[in-house]
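Analysis of the macromolecular model
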Amino acid sequence: MIVTVTLNPSMDSIYFTDTFTLGEMNRCSNPIKAVGGKGINAGRTAAILGGNVTAMGVLAGLNGESIRTALEQEPFQTIFLPIAGESRNAVTVMDRKKNQTEIVELGPEITAETAKKIIDQVIDFSLEQKKRPIIALCGSANTKNERLYHDYLQQLNEQLGSNIKVLTDISGKQLHNALKSPIKPYFIKPNIHEFAELLNVSITTKNEIVKQLSHPILQGIPFILVSCGGDGAIAKYQEQIFDITLPMIDVINPTGSGDATVGGVAFALDQDFSIEETLRYAMACGMSNALEQAVGYVSIENVALLKNNIIIREISEMFHV
Ligand SMILES: Nc1ncnc2c1ncn2[C@@H]1O[C@H](COP(=O)(O)OP(=O)(O)OP(=O)(O)O)[C@@H](O)[C@H]1O
Ligand SMILES: [Mg+2]
């Protein structure tokens, strides 16, 4: 069982225009609409692979209703708490020259009361399951509490036990504060930019990622995956470090590849796969998403094919100390 939590789902619209000019009337055809949200995307990926997934989170207002209706078509169960406000719109305008302009709303506020209701719901649901679920906390939240995910890690640990595997795909202050917690997430998946921001250093190469893996703020996290887009990833699992490289693919839309990667990891951990197989799933899901127009979507056939063409090389101790 996999539980994903999305505190800021969105109704995403992509407008394709010939030109997009600031300060002028820009006409366009009807947008492509889809539900967005990192936990929802990760959950979709894990469910497509065959995982038993429940997506949880919040929905608000009329947009929330539209999202709820759209979620009925998804391959997972849903438990979304209705809250005050309006679920957000995220608008992308793509012109003929592939310039991408985005307008992303803040979304409804996650008050202290809402935050408590959600985590209580996740805990109650998890306690009802025969086996402890893998819990993935994904994406931003519009909250004044910069330690929201830090607090969630503590609460999940207290109520579900220290063996609970909590995966986080978060960034900025929330990630920083979560890692300052004595209770660590089991898994984090910063991309290379988020990783550099977390450590407050400039990082452009995989070698630099490897060197930073001994940074104090990363201690005690069993599984770290720093994703590098088409360049693959660097992973640290317990004391092992891996360099993962990918075959070339004809990318269609890499947006949401990180979310698909998290979905692949959640699925593989839930199946108790080996670390090597888990990394194969993670990368194959990211790549499969990049081969689709849709965001946060994978094809099971592509994942099966890609998985075998990923190169995983363990970096020896000699190199990284
Ligand atoms: N251009 C690409 N070619 C091949 N694989 C890709 C490409 N972009 C992403 N991937 C796959 O997806 C994984 C995650 O991608 P990336 O590092 O871009 O995550 P991200 O920045 O968190 O993405 P997002 O936040 O948009 O979901 C990569 O490790 C890789 O496996
Ligand atoms: Mg990401």
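Residues numbered from 1 in each chain as written. Chains lettered and ligands numbered in written order. Predicted model: local features only at pLDDT ≥ 70, side-chain atom pairs only at ≥ 80, totals over all residues. Heavy atoms only, no water.

Attention now goes to helix H10 (residues 300-307). Listing the buried residues of H10 in full gives Val303, Leu306 and Lys307. Down the axis of H10, the buried side of the element spans an arc of 100 degrees, and every buried residue falls inside it. In H10, the exposed positions that point more than 90 degrees away from the buried face belong to Glu301 and Leu305. Along its buried surface, H10 packs onto helix H9 (275-290). (Buried < 20%, exposed > 50% of the residue type's maximum accessible area, 1.4 Å probe, protein only. Helix = DSSP H or I, 4+ residues; strand = E, 2+ residues; numbered from the N terminus. Arc of directions from axis to C-beta. Contact = heavy atoms within 4.5 Å.)

Strands pair in a sheet through their backbones, by hydrogen bonds, and they do so in one of two ways: parallel or antiparallel. Taken in spatial order, the 10 strands line up as S5-S4-S1-S8-S9-S10-S11-S12-S13-S14 in an open sheet, and their pairing is mixed. Looking at the sheet topology across the chains shown, the edges are occupied by strand S5 (77-83) and strand S14 (311-315). Across five bridges, the pairing between strand S1 (residues 2-6) and strand S4 (residues 53-60) is parallel. For threonine 6, the partnering residue across the bridge sits in S4 and is glycine 57. Across the sheet, helix H3 (residues 112-128) is in contact with S1, S4, S5 and strand S8 (134-138); its angle to S5 comes to roughly 155 degrees. (Pairing = 2+ DSSP bridges. Axes fitted to C-alpha atoms, helices over the stretch in contact; angles between N-to-C directions.)

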